[in-house]
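# Descriptive structure summary
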There are 2 protein chains.
Amino acid sequence: MPTPPGRKPRKAAPARQPLTQELIVRTAVRVLDAEGLEAVTMRRVAQELGTGPASLYAHVSGKEELRELMLDHVAAEIALPAEPDPSRWQEQLKELAAEIRRVYTSHGDIAKVSMGLIPTGPNLLAVADAQLGLMRAGGVPPKIAGLAVDTLGMFLDADAIEDTIYMARTPAGVDRWEHFQTHFEEVRAYFAALPPDRFPNVTAMVDELTGGTGDDRFRFGLDILVRGIASYVQDPPTS
Amino acid sequence: MPTPPGRKPRKAAPARQPLTQELIVRTAVRVLDAEGLEAVTMRRVAQELGTGPASLYAHVSGKEELRELMLDHVAAEIALPAEPDPSRWQEQLKELAAEIRRVYTSHGDIAKVSMGLIPTGPNLLAVADAQLGLMRAGGVPPKIAGLAVDTLGMFLDADAIEDTIYMARTPAGVDRWEHFQTHFEEVRAYFAALPPDRFPNVTAMVDELTGGTGDDRFRFGLDILVRGIASYVQDPPTS
DNA sequence: ACCTGAACACCGTTCAAGT
DNA sequence: ACCTGAACACCGTTCAAGT
């Protein structure tokens, strides 16, 4: 049967969307989520878009910029506190940190891009601005707040990277948690088998060194940092 | 003139040293020091040794193992405290941290290898053992000490990486410090030019955000961490 | 056992040529 | 202005062949 007049074919063509920076970044993040940062190559992203690698360079200056755009794209998911509350700025800062951790760890090893990068994208800057806002509301001296944003950022990046170590190396087709467990048990056995005379403390503390979960480590470090920052407040707000 | 009998030629041949793991690792570290971690490729190390990349695989399982061997090789330079002194364990821990920082930052971006890696090499394990020894001497509860080694390691790795950002990207033939200054001034100008209504805190604190040196940041973070760890000590030793 | 050349399956980026 | 094919100068790793 011929198509009746005036009725257009359902799909005019493959109708590929035109290339834009936004589309490229979204595609790159999809690859990141599925296979990790190492899999995000210019060639791979181009292939995913049905084109060649050279086509990307009209919208992105190179791989480095693409990585930074991916990071800022992902940072948009971080929910910021509505308004600083001076009476509970420490809790708010911890909540924001937990939120950043949640978003980072849900996007493969994106934290590797953040580590050692001065934030310039709008979303990452908004996060930094929110952190500063909370500390200012809490009465943290500006100089301390300036240093603390850096330190907090280092901690969050490092923690997210640490969290994704076992994940990243999981071979395809293997259960992630099983892989995690196996690897962990190997480390434990290795530590336990070390010569006690050369490593008296490591061998004596095998349980303590391998026992803590990622959550334990995060809470421990975050608590110490926030308490440390708060210790610089001269006149704590009367709650 | 012919060579007199019984006198061997000065140099019998190019006399290349036979390939060993030790030699490969030393060569790789030399490339790291001169050109950074990215320049350390299997092919480049092989070339430096006057052979092909395939030859390395008889002594090293691959690039990943070579990187870890490099890290442990470098960790041998870290001077460990002679003996824990319970009355000044916090100072000793800070001194050790500063020593680790010194060694890491003197070897390009080697800290990138350490980040997110469970230490298994003898030298890195010795460093961890020393940290644990200091904390145990200070009366830090074992569980806390176990978490603290992790947190401290994360901080040291992140700090060293942060320190080498500007260095690593310096183009050849350009003065490193000049490059650093230029880049820093650009960041400052960028922050200052941001819209104050969207980023009220960042724009209000440009000086505080760009003012601190790497040393400031290190001392600030380390001080907070050690104080936090010490806060878990139940019965501080009577000094 | 160690070393090698050649090959395989990848990279990021550039550039002249097309539309 | 945007897109493309082809090329350039690299990667890590494997493998059969040599010694």
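Residues numbered from 1 in each chain as written. Chains lettered and ligands numbered in written order. Predicted model: local features only at pLDDT ≥ 70, side-chain atom pairs only at ≥ 80, totals over all residues. Heavy atoms only, no water.

In the annotation of an unreviewed UniProt entry, chain A is listed under the name TetR/AcrR family transcriptional regulator and assigned to Actinomadura rubrisoli.

## Things to note about the nonpolar core
Rules: By nonpolar core we mean a set of buried residues, namely Ala, Val, Leu, Ile, Met, Phe, Trp, Tyr and Cys, connected to one another through side-chain atoms within 4.5 Å. With a 1.4 Å probe rolled over the protein chains alone, any residue whose accessible area is under 20% of its type maximum counts as buried; one over 50% counts as exposed, and the rest are partly exposed. Between two residues, a contact is recorded if the distance between any of their heavy atoms is within 4.5 Å.
The biggest cluster of nonpolar side chains holds 140 residues, and the ones touching the most others in it are A:Leu66, A:Met70, A:Met135, B:Leu66, B:Met70 and B:Met135. Among all residues touching A:Met135, those that are not within four sequence positions of it are A:Trp89, A:Leu93, A:Val140, A:Ala145, A:Ala148, A:Val149 and A:Ile229.

## Looking at the environment of A:Gly139
Residues and elements named next belong to chain A. So the rule is basically this: Here a strand is any run of E in DSSP of at least two residues, a helix any run of H or I of at least four, and the numbering for each starts at the N terminus.
As for its position among the elements, Gly139 is in the loop between helix 6 (122-137) and helix 7 (142-168). Note on Gly139: relative accessible area 37%, which makes it partly exposed. Taking the C-alpha atoms as reference points, Gly139 and Val233, separated by 94 residues in sequence, lie 5.7 Å from one another.

## What about the interface of chain B and chain A?
Here is the rule: When two parts are brought into contact, each loses some accessible area as probed by a 1.4 Å sphere; the total of that loss over both is the buried area. The working definition used for a salt bridge is a side-chain nitrogen of Lys or Arg within 4 Å of a carboxyl oxygen of Asp or Glu.
Taken together, the contact pairs 57 residues of chain B with 57 residues of chain A. A buried area of about 4,900 Å², summed over both sides, lies between chain B and chain A, and 71% of it is on carbon and sulfur atoms. When the buried surface of chain B facing chain A is broken down by residue, B:Asp129, B:Met154 and B:Phe220 rank first, second and third, together holding 13% of it. Across the contact surface, chain B and chain A share 2 salt bridges.

## Here's the deal with the domain arrangement of chain A
By convention, interface size is frequently given as the accessible area that disappears when the constituent parts associate. Residues and elements named next belong to chain A. Quick reminder of the rule: Domain delimitation in this document rests on an assignment produced automatically or drawn from a domain database. In the analysis that follows, any N or O atom pair within 3.5 Å is treated as a polar contact, provided that within protein one partner can donate a hydrogen and the other can accept it, and provided that, for residues neighboring in sequence, both atoms belong to side chains.
By domain assignment, chain A separates into domain 1 (21-75) and domain 2 (86-230). For domain 1 versus domain 2, the distance between C-alpha centres works out to 26 Å. At the interface, 12 residues of domain 1 touch 15 residues of domain 2. For the pair domain 1 and domain 2, the summed buried surface comes to about 1,300 Å²; carbon and sulfur atoms form 68% of the total. A per-residue breakdown of the area domain 1 buries against domain 2 is headed by Leu71, Asp72 and Val74, which together make up 45% of the total. On inspection of domain 1 and its partner domain 2, the count reaches 4 residue pairs in polar contact (both at pLDDT 80 or more). At the level of secondary structure, the elements contributing two or more residues to the side of domain 1 that touches domain 2 comprise helix 1 (21-35) and helix 3 (63-75). Per-element tally for the side of domain 1 that touches domain 2: the top contributor is helix 3, with 7 residues.

## Remarks on the packing of aromatic side chains
This is how the line gets drawn: Each Phe, Tyr or Trp ring, with Trp reduced to its six-membered ring, pairs with another whose centre is within 6.5 Å; inter-plane angles below 30 degrees give stacked pairs, above 60 give edge-to-face pairs, and intermediate values give tilted ones. Note on geometry: a ring has a charge over it if NZ (lysine) or CZ (arginine) is within 6 Å of the ring centre and within 35 degrees of the ring normal.
Counted under the stated rule, the structure contains 6 aromatic pairs over all chains. The interplanar angle of 45° and the centroid separation of 6.3 Å between the aromatic rings of A:Tyr190 and A:Phe191 together place this pair among those described as tilted. Judged by its relative accessible area of 36%, A:Tyr190 falls in the partly exposed class. Geometrically, the ring pair formed by A:Tyr232 and B:Phe220 is tilted, given 5.7 Å between the ring centres and 35° between the ring planes. Taken together, the residues A:Tyr232 in the segment after helix 11 (214-230) and B:Phe220 in helix 11 (residues 214-230) connect one chain to another. Positioned above the aromatic ring of A:Phe218, the side-chain terminus of A:Arg101 is 4.5 Å from the ring centre.

## Describing the protein's contact with DNA strand D
Heads up, the rule is: Any residue with a non-hydrogen atom lying within 4 Å of a molecule or strand is treated as near it.
Close to DNA strand D lie 15 residues, the nearest being A:Thr51, A:Ser55, A:His59, B:Arg43 and B:Tyr57. Between DNA strand D and A:Leu19 there is a distance of 3.5 Å, counted from a phosphate oxygen to a backbone nitrogen or oxygen.

## Concerning helix 3 (residues 63-75) of chain B
All names here are of chain B. Short version of the rule: Helices are assigned an expected span. That span is 1.5 Å times one less than the residue count.
Its 13 residues give helix 3 an end-to-end C-alpha distance of 18 Å, which sits within 8% of 18 Å, the value for a rise of 1.5 Å per residue. Taken residue by residue, helix 3 has Leu66, Met70, Leu71, Asp72, Val74 and Ala75 as its buried positions. Looking at the packing, one finds that the buried side of helix 3 touches helix 1 (21-35), helix 2 (42-48), helix 4 (89-105), helix 5 (111-114) and helix 6 (122-137).

## What to know about the side chain of B:Ser114
All names here are of chain B. The topology assignment puts Ser114 in helix 5. We classify Ser114 as buried; its relative accessible area is 9%. Once residues lying within four places of it in the same chain are set aside, the contact partners of Ser114 are Leu71, Tyr104 and Asp157.

## Remarks on the confidence of the model for chain A
Cut-off, in case you're wondering: pLDDT is defined as a per-residue confidence score from the predictor, taking values between 0 and 100.
Within chain A, residue pLDDT values average 90, and 88% of them lie at 70 or more. Every residue in residues 6-15 of chain A is under pLDDT 50, and counting partners more than four places away or in other chains gives 0 contacts.

## Quick word on the protein's contact with DNA strand C
Stated precisely, the cut-off is as follows: In this count, Pro and Cys sit with the nonpolar residues alongside Ala, Val, Leu, Ile, Met, Phe, Trp and Tyr, while Asp, Glu, Lys and Arg are called charged and the others, Gly among them, polar.
In the vicinity of DNA strand C lie 15 residues, with A:Arg43, A:Tyr57, B:Thr51, B:Ala54 and B:His59 positioned nearest. In this structure, A:Tyr57 approaches DNA strand C through a side-chain N or O atom, which is 2.7 Å from a phosphate oxygen. Residue B:Leu19 places a main-chain N or O atom 3.5 Å away from a phosphate oxygen belonging to DNA strand C. Class assignment of the residues belonging to the surface near DNA strand C gives a composition of 6 nonpolar, 5 polar and 4 charged.

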